[in-house]
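Observations on the three-dimensional arrangement
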Amino acid sequence: MNLSMRRVRNRLSTFAHSPQNWLAWIFLLVFGYLIIVPVGNMIWSTFHIQSGDARRAGGAVGDFTMFYWERVFASGQLSARLLYEPLMNTLFVSITYTIIAMIIGLSLAWLMVKTDMPFKRFTGFCAIVPYIVPSWTLALAWLTVFGNSQVGIGAAGVVETLLGRPTPNWLAYGPIPIISVLAINFFAFAYLLGAAALATVDASLEEAALIHGASNRKVIRKITMPILLPAIGSAAILTFASGLGTFGVPAFLGLPVRYNVLATSLYQSAAIGRYGEAFVFTMVLVTISASAIILNSKLIGKRKQFTTMEGKGSRQRVLKLGKWRKPVGFLVAGVMAIVTFMPIIFLVLQTFQFHLGQYSLDNFTLAYWIGERDGLRGILVDPRVRAAAVNTLWLGISVGLGTAFVGILIGYSVSRNRGRPIAKVVEQMSFIPYVIPGIAFGAIFLSMFAQPRGPIPVLYGTMTIIFIACLVNRLPFASRMGISAMMQVGRSLEESAEVHGASFPRRITRIMFPLTKRGFMGGFILSFVSTVKDINLVILLVTPQTMVLAALTFGYIELGRRQFADAIGVVIIVLVLGCTLIAQWLTKTNPLQGFGGGNS
Amino acid sequence: MKITRNAAFAALVVSLLLIPALGFSAGTAEPAAADPLDEWMQFAEVGPYQPEVEDWDAIAAAAQEEPPLVMYSNTSRAFPVVDQFNEIYGTEVEMLNISTSELNERIRREYDAGIFPSGVVMTGNIAVMYDQLMVERNALTAYVPREMQAVLPDRDMEPVLIHRYSAGTWYFTSDLPDGSVPYENIWELTTERFRNRVAMQSPLRSGTTMDYMVGIVANSDLMEELYEDFFGEPIELTTPNAGFEWIRRLLENDLRVQASFRDVADAVTNSDAPFLGFGTQSVYRDVLSGQYDFELDTDINPAILSARPIAMTSYTESPNTAKLLIRYLTSQEGGDPWWGADFPVNPEVQSTGPMANLTLDSFARLWSIPIDQALDLGDEVADFWILYE
């Protein structure tokens, strides 16, 4: 008896002293509540008649039904239009733009970190801007260049005006523009993750190969690439999944030529209150991205994960570009400048146009900044906008810090529990929120937190619930970043600290955090940006007191005064860049330069 | 030992998956038994308890003592009105501006959870609002100030007060020398002359467009007549009726489906005449201001009446503020942002500005869709659209 008591006590004590274990269990519980419950609720909803559907589903609200599944999967021509055609389009678009975004992002990361290319600071600054800019701006910028007078809104773009004849329809609308815009929108993932990982590749590994006679190409293929694979896999999945759920770009560039993707089906169902179907589409997206994750871990899992940070010196090897240095630098900086500044200039110009889209001096106005239009005050003089800006900043920073911190802890517990089922479950659960459309998540969180549940008080109407919703929604960034960063940190460093009596918090703050701060910064920036931009997730949760900037844009667009919304877009860009620069200064990393082109 | 741990782990995962099935599901509780609603109506003096004569000074005084009220509105034009209202009455009204469908979703879920954060609701789609928020549940309560009850026709206050109307109609640019409407019959839109020359929002994204399509289907007899007038022979159907037939042929005539009303207006302005677009008449305000360039068809094609309702949230703790606000929003002063383009129901209110001459009577053929019809045919039209788009 005594002996078994002691055994239990010993086991408990071991458990308490192995943070990777109790952290994993805590994550399992918290994710269970914040992710699995909402998903379970959605699945439940797809089998029960939803509000407003009694007529067409033939029953009473709340009755069991197969109506939604049958409708989406087995209703002949209707299913083809709702599911199968959009599914094929989605796969085609997503895979293609992912490949393009990966090539752009990784090449850029390599040039930034591993070569002596000039203008790095400028190029690095440009690289994340397309991700910050609201995606409608990118889509409209595309139309400004390639639009033709024959389809859509019928406005001739720059190219048509110069050539004097209409650009082909496939260049103005449809898959090609959607793929191009999404690739520009999302290559920042590949760039940020790739740069963070590249910066941790110890030059001694590469040099060892070089000394043994390997060529530069062979070093990249045999040393650099395998070390980078986990990060590349993560980047590919994030990029792929980001586009799966994106509605804005396909709506602008696809709808006018009736090119539908799954997100179109999903958002159209949700927009007309058909949540039963919307949740079925959500499950299809969850399945696709889950398959992508499994495929990714199968591909990468076969190879070894490499620990690159051990308790010894590490440095960077910089490839000298020689005579190509200047031309490459100019070319890269030039291309980046175009994809970055064109949409921004476009965005800024629009905020000064009294009538949208009319580029003439007598159309210039400051009304949308400091004046008034349609009874609405310019955004710099509107107290509502000011209050929302404060909320937004608070939310962006706290969610950014929160996700980055949680990401490191997830990374820690997953990497230290590698191979155990709990690690797999935590990792996979943390990815689910990515493909759940924000509006569905918001709706279910509303129901979950509008009443007290156990120890949790009513959170609906507070900033806390918006914070939690955003945090959960950004977990995939966080865990991808954290896991790929932590996989590279050797256990020996931590063990030696532990032997010398350092507590877990001390080990995290003094060893793990400094070593992974580039990953931390990447997680911070990506989740800060998407939190500040996001409207769908928060729209059902905000109140007049907890209003955020992005949610204000709806009213302006509804009025047809997109200039106000564009001005808010400009403010968001300034906020994000400002915070990034401050974060860079505080942590002494250089995120705009791919987390340090040089040694840290 | 290992087995038990794995078993415990599995048990945990399974129980986590079961949580949703147990306590938490959509619409668990039904807080609106008849009694609490009746009690609230007595407290709020609405419904059967609305006094024969309302003392507005007393209501205004009571409103000042009430907790802050939040109005949910699908239009941002209400922002300045709310500020004015607070200034006049010393109240604390705030506003949340979200789309019609988000607004429905929110009120539905709040009501099902037993919380009532809003006080007044201004929205766009009367059919869905009535069906889901007033029939399926008592989330909204109709309120019409007594003095308006005396002067309004039933249409404007049954089952809920209409704040204003707008009209879904056709925008055109003409290639005729006198600039007149470039077609004589709605079926002309399905001919080669208008191939790729008609722009419209999807009825799946726009309530007004949906109402129009429901109108087309509901008036299939008229559509059949018009077909014969135009083509000189009876219609041969490939779809259930002449209304659906028109929708199908319109789609097959390379209809330009647009993401928003503004895109429709842009397409009409940007394209060579003749070109047509469908949207609400209020955009004409921006034709007068110089943003767009087209005319409204009030004579040939039918237009659709679109009602914008206003109601009180059931169980609000600020019923006096709500009453005062509803009365203010329907007045000349409080409705000012709308009276320059939309059509007031309050007979004491005058339209203002350069569009004041355009009234509902200006439309030669104005369809109005009863709520039941909108609900019955809406789903059918939506599915039909998905099939042929």
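Residues numbered from 1 in each chain as written. Chains lettered and ligands numbered in written order. Predicted model: local features only at pLDDT ≥ 70, side-chain atom pairs only at ≥ 80, totals over all residues.

A separate point is the interface of chain B and chain A. The partner chain A presents 57 residues to the 61 residues of chain B that form the contact. Residue assignment for the side of chain B that touches chain A shows that the elements contributing at least two residues are helix 1 (2-22), helix 4 (78-89), strand 2 (93-97), helix 5 (100-112), helix 6 (126-135), strand 7 (256-258), helix 11 (261-270) and helix 15 (371-388) of chain B. By residue class, the composition of the side of chain B that touches chain A is 27 nonpolar, 15 polar and 19 charged. (Contact = placed C-beta atoms within 7 Å. Helix = DSSP H or I, 4+ residues; strand = E, 2+ residues; numbered from the N terminus. Nonpolar A, V, L, I, M, F, W, Y, C, P; charged D, E, K, R; others polar.)

Residues and elements named next belong to chain A. Per-residue confidence for chain A gives a mean pLDDT of 82; residues scoring 70 or more make up 94%. Ranking the elements of chain A by mean pLDDT puts helix 1 (residues 2-16) last with 75 and helix 4 (residues 67-73) first with 93. Counting interchain partners and residues more than four positions distant, the pLDDT-below-50 stretch residues 591-600 has 39 contacts. (pLDDT = per-residue confidence, 0-100.)

Turning our attention to unusual backbone geometry. In the segment running from Glu158 of chain B into Pro159 of chain B, the intervening peptide bond is cis, with an omega of -5°. Checked against the element boundaries, Pro159 of chain B lands in the loop between helix 7 (146-149) and strand 5 (162-173). At Arg258 of chain A, a residue that is not glycine, the phi angle is positive and equals roughly 60°. Looking at the secondary structure, you find Arg258 of chain A in the loop between helix 13 (248-253) and helix 14 (262-271). Note on Arg258 of chain A: 18 C-beta atoms within 10 Å, which makes it partly exposed. (Buried ≥ 20, exposed ≤ 12 C-beta atoms within 10 Å, placed from the backbone.)

Residue and element names in this part refer to chain B. Each assigned domain of chain B is listed here: domain 1 (34-164 + 307-358) and domain 2 (167-304 + 375-388). Spacing between the C-alpha centres of domain 1 and domain 2 amounts to 33 Å. Between domain 1 and domain 2, the residue contacts involve eleven residues of the former and eight residues of the latter. Classifying every residue of the side of domain 1 that touches domain 2 gives five nonpolar, four polar and two charged. (Domains from an automatic or database assignment.)

Residues and elements named next belong to chain A. For helix 10 (residues 175-198), with 24 residues, the first-to-last C-alpha span of 32 Å sits near the 34 Å given by 1.5 Å per residue. Of all the bends found along helix 10, the most pronounced is centred on Asn185 and spans about 40°. For helix 10, the buried fraction is high: 21 of the 24 residues fall into the buried class. (Expected span 1.5 Å × (residues − 1). Bend = angle between axes of the 7 residues up to and from the residue.)

All names here are of chain A. Running from N to C, helix 12 (residues 216-244) and helix 21 (residues 463-486) point in directions that differ by 170°, and their axes come no closer than 9 Å. Classified by the angle their axes make, helix 12 and helix 21 are roughly antiparallel. Between helix 12 and helix 21, the contacting residues are Pro230, Ala231, Ser234 and Leu238 on the first element and Pro476, Phe477, Arg480 and Ser484 on the second. (Axes fitted to C-alpha atoms, helices over the stretch in contact; angles between N-to-C directions. Parallel < 35°, antiparallel > 145°, perpendicular 65-115°, else oblique.)

Right, let's get into the environment of Trp367 of chain B. Residues and elements named next belong to chain B. Within the fold, Trp367 resides in strand 12 (residues 366-367). Residue classification places Trp367 among the partly exposed positions, given that 19 C-beta atoms sit within 10 Å. Not counting the four nearest positions on each side in its chain, Trp367 is found in contact with Gly215, Asn219, Pro302, Ile304 and Leu305.

A separate point is the pairing of strand 6 (residues 198-201) of chain B. Sheet faces and side chains relate simply in a regular strand, where the side chains alternate between the two faces. Residues and elements named next belong to chain B. A two-sided burial pattern is seen for strand 6, the buried positions comprising Val198 and Met200 on one face and Ala199 and Gln201 on the other. Looking at chain direction, strand 6 and strand 8 (residues 275-280) are connected through two bridges and run parallel. Note that in strand 8 the partner of Ala199 across the bridge is Gly277. Sheet topology note: the strand 6/strand 7 ladder contains three bridges and is parallel. Across the sheet, residue Met200 finds its bridge partner in strand 7, namely Val257. (Pairing = 2+ DSSP bridges.)

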